[in-house]
Amino acid sequence: MLDAMPEGHTIHRAARLQGHAFAGRRLAVTSPQGRFTEGAAALDGRRLERIDAVGKHLLYRFEDAPALHVHLGLFGRFRLHEGDDPPTASPQTRLELVARPEGAAGAGRPAVTLRCSGPTACELLTDAEEATLRARLGPDPLDPAAGPAGFAAALSRRSAGIGQALLDQRAVAGVGNVYRAEALFLAGLHPDEPAAALGPDDVEALWATLRELLRTGERQGRIVTITPADRSRPPSRLRRDEAVYVYGREGLPCRRCGALIRSWPLGGRRVFACPDCQPPRPTG
């Protein structure tokens with residue numbers, strides 16, 4: 001179970017793993033809760049072609065149908081069940097996708113059921129509505145076609161601190177509170193440094209750091225930002241609090257310099273930083 005809004009690595013991983021289970025198959029689509037009944041009926045029985053992820057949003061591509069848009073938000077959850085006898089759907093299940101073995105003998109890929117409860121968005125989007133959604137999102141570090149130029153352009157228009165800008169999905173899509181704290185630490189940037197004041201080298205380094213962290217998270221299925229030089233065990237054996245440098249570690253010594261980690265509210269969430277590894281830059 002997740003205890004915070006999923007960050008981009010979780011959504012891209014969900015797209016990949018769900019795609020393996022469902023892509024190319026005709027799906028039974030229902031809404032046990034009843035709040036997506038009309039949309040489910042429009043998709044029921046159609047073949048799912050693929051699943052795209054952009055930032056914290058999922059887009060399910062069914063043949064000859066609008067895109068199904070799912071945004072989990074803070075409380076949304078996916079549950080995946082394999083086999084012909086999944087448990088009874090909970091009353092909170094907004095969306096249920098079921099793939100059954102095809103063919104006369106029932107051979108081939110196994111039965112799979114996916115349930116989504118509590119999403120912020122579960123809706124069908126026209127092409128124009130999808131374009132509107134994408135237009136309000138910044139570049140996604142996990143998009144192979146995205147690069148630092150779009151990120152730099154977005155930051156140049158923001159006078160707020162870089163720590164606040166990183167939580168603005170219009171500046172960069174998919175970054176949440178954990179990754180912003182960890183990326184800024186690794187880049188040596190103070191969260192209050194004005195986003196527009198960052199030079200090209202800083203922006204490129206921060207973009208590269210975000211991309212690497214999110215790629216690692218997508219691959220491993222968890223957030224691990226500690227580099228090999230700063231850990232004594234493989235990532236799979238690290239506890240959650242051992243896998244990060246500064247996030248959630250207020251009052252504890254920095255893993256690199258020993259200074260006590262500080263935190264303060266920024267952008268509606270608490271940001272964490274090392275005062276020595278991320279000192280404010282002189283102004284003027």
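Computed from a predicted structure; not experimentally measured.

S.K.: I'm lost on the overall build of the protein chain in this one. Help?
M.R.: For the protein chain, the helix and strand inventory stands at seven helices and ten strands. Rg of the C-alpha trace for the protein chain: 21 Å, near the compact-globule value of 19 Å for 284 residues, within the 12% margin. The principal-axis extent of the C-alpha atoms belonging to the protein chain is close to 70 × 45 × 30 Å. Going through the 284 residues of the protein chain one by one, you find that 47% of them count as buried. Contacts in the protein chain between residues far apart in sequence, at least 24 positions, make up 63% of those at least 6 positions apart. Counting every atom, the protein chain has about 13700 Å² of accessible surface; 51% of that belongs to carbon and sulfur.

S.K.: How do you make sense of the sheet that holds strand E5 (residues 77-82) when you look at a structure like this?
M.R.: Neighbouring strands of a sheet are bound in pairs by backbone hydrogen bonds; such pairs are parallel or else antiparallel. If you trace the four strands from one edge of the open sheet to the other, you get E1-E6-E7-E5, paired in antiparallel fashion. Looking along the sheet, the strands with just one partner apiece sit at the ends: strand E1 (27-30) and E5. Averaged over all neighbouring strand pairs, the angle between strand axes comes to 15 degrees, with direction disregarded. Alignment of E5 against strand E7 (residues 112-117), held across six bridges, turns out to be antiparallel. In the strand pairing of E7, Phe 78 is matched with Cys 116. Contacts from helix H1 (residues 8-22) reach E1, E5, strand E6 (93-99) and E7 within the one sheet, and its direction differs from that of E7 by about 140 degrees.

S.K.: In this structure, what is going on with the packing of aromatic side chains? I would like to understand it.
M.R.: Applying the stated criterion to the full structure yields three aromatic pairs. Each ring, one from Tyr 247 and one from Phe 272, has its centre 5.3 Å from the other, and the planes form 70 degrees; the classification is edge-to-face. Placement of the pair is Tyr 247 in the loop between helix H7 (200-220) and strand E9 (262-266) and Phe 272 in strand E10 (residues 269-273), with a sequence separation of 25 residues. A relative accessible area of 24% places Tyr 247 in the partly exposed class.

S.K.: Quick question: what am I supposed to make of the domain arrangement of the protein chain here?
M.R.: As a measure of interface size, the accessible area lost when the parts come together is often cited. When cut into domains, the protein chain gives domain 1 (8-135) and domain 2 (148-273). The distance between the C-alpha centroids of domain 1 and domain 2 comes to 31 Å. Every contact between the two is made by seven residues of domain 1 and, on the other side, 14 residues of domain 2. Buried area between domain 1 and domain 2, both sides added, is near 730 Å², and the carbon and sulfur share of it is 58%.

Definitions and cut-offs
Residues numbered from 1 in each chain as written. Predicted model: local features only at pLDDT ≥ 70, side-chain atom pairs only at ≥ 80, totals over all residues. Heavy atoms only, no water. Helix = DSSP H or I, 4+ residues; strand = E, 2+ residues; numbered from the N terminus. Rg over C-alpha atoms; globule rule 2.2 N^0.38 Å. Buried < 20%, exposed > 50% of the residue type's maximum accessible area, 1.4 Å probe, protein only. Contact = heavy atoms within 4.5 Å. Areas by Shrake-Rupley, 256 points an atom, 1.4 Å probe, with all protein chains shown as cover. Pairing = 2+ DSSP bridges. Axes fitted to C-alpha atoms, helices over the stretch in contact; angles between N-to-C directions. Phe/Tyr/Trp six-rings, centres within 6.5 Å; stacked < 30°, edge-to-face > 60°. Domains from an automatic or database assignment. Buried area = accessible area lost by both parts, 1.4 Å probe.

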